[in-house]
Amino acid sequence: MKKNSNLRGFTLIELLVVLAIIGLLAGLVGPQVMKQLGGAKTKAAKVQIEDLSGALDMYKMDVGRYPSTEEGLQALVESPDNARSWNGPYLRKNKVPQDPWIYDYHYTSPGEHGRFDLYSLGFDNAPGGEGEDQDITSWE
């Protein structure tokens, strides 16, 4: 039987070169992708804070006041005992969302910066920070 000498394939060296190139590209592109992902989460938190602020304003129009710190954001989905004219729920999913890093939003009323303070502490869930660790607030 005659063997076909025209069979072609990749050598081990060629495969290693391709894997090295893929590794270099992943090393260069990966951090940039992760940086963009962190920025997207920060933007999503800003949008959620704006939406929650709008829901708090609707609550105030109905009830005549913002929820107290003790009532918290839960007052947007469940009527507090002392809330006359509550006409909620004020959130579409009947659930208070968490920030993009799966932490609860912080809410105080009256706030130090306005009628209420609503904020996320970012990825590290600690005050301050830069980049993905920065605080996202309703007053700035």
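In this report, the structure presented in the accompanying data block is examined. (Residues numbered from 1 in each chain as written. Predicted model: local features only at pLDDT ≥ 70, side-chain atom pairs only at ≥ 80, totals over all residues. Heavy atoms only, no water.)

**Comments concerning the environment of Glu140**
- Take Glu140: it is sitting in the segment after strand 3 (136-137).
- Expressed as a C-alpha distance, the spacing of Glu140 and His113, which sit 27 residues apart in the sequence, is 9.3 Å. (Helix = DSSP H or I, 4+ residues; strand = E, 2+ residues; numbered from the N terminus.)

**Here we look at the packing of aromatic side chains**
- Scanning the model with the defined rule gives five aromatic pairs in all.
- When the ring of Trp86 is compared with that of Tyr90, the centres are 5.7 Å apart and the planes differ by 85 degrees; the resulting orientation is edge-to-face.
- Aromatic ring contacts, followed pair by pair, group Tyr59, Trp86 and Tyr90 into a single cluster. (Phe/Tyr/Trp six-rings, centres within 6.5 Å; stacked < 30°, edge-to-face > 60°.)

**Quick word on the pattern of salt bridges**
- Summed over the entire model, instances satisfying the criterion amount to two salt bridges.
- The residue Asp57 makes a salt bridge to Arg115 at a minimum N-O spacing of 3.9 Å. Linking Asp57 in helix 1 (residues 12-63) with Arg115 in the loop between strand 1 (106-108) and strand 2 (117-120), this pair joins segments that are 58 residues apart in sequence.
- Between Arg65 and Glu71 there is a salt bridge whose closest N-O contact spans 2.9 Å.
- When its relative accessible area of 25% is taken as the criterion, Arg65 is described as partly exposed. (Salt bridge = Lys/Arg side-chain N within 4 Å of Asp/Glu carboxyl O. Buried < 20%, exposed > 50% of the residue type's maximum accessible area, 1.4 Å probe, protein only.)

**Quick look at the nonpolar core**
- By size, the foremost hydrophobic cluster in this structure holds 21 residues, and its most contacted members are Leu56, Leu73, Leu76 and Leu118.
- Considering every element that reaches this core, the biggest residue donor is helix 1, with seven residues.
- Each residue touching Leu118, except ones within four places of it in the same chain, is listed here: Ile49, Leu52, Ser53, Leu56, Leu73, Tyr105, His106, Tyr107, Ile136, Thr137, Ser138 and Trp139. (Core = buried A, V, L, I, M, F, W, Y, C linked by side-chain atoms within 4.5 Å. Contact = heavy atoms within 4.5 Å.)

**Quick notes on unusual backbone geometry**
- Between Gly88 and the following residue, Pro89, the backbone shows a cis peptide bond with an omega angle of 5 degrees.
- Examined against the element boundaries, Pro89 turns out to sit in the loop between helix 1 and strand 1.
- That bond from Ser109 to Pro110 is cis: its omega, 0 degrees, falls within 30 degrees of zero.
- Mapped onto the secondary structure, Pro110 falls in the loop between strand 1 and strand 2.
- A positive phi angle, near 55 degrees, is found at Asn94, a position not held by glycine.
- Here Asn94 shows up in the loop between helix 1 and strand 1.
- Positive phi, close to 50 degrees, is recorded for Asn125, a residue that is not glycine.
- Tracing the sequence through the fold places Asn125 in the loop between strand 2 and strand 3.

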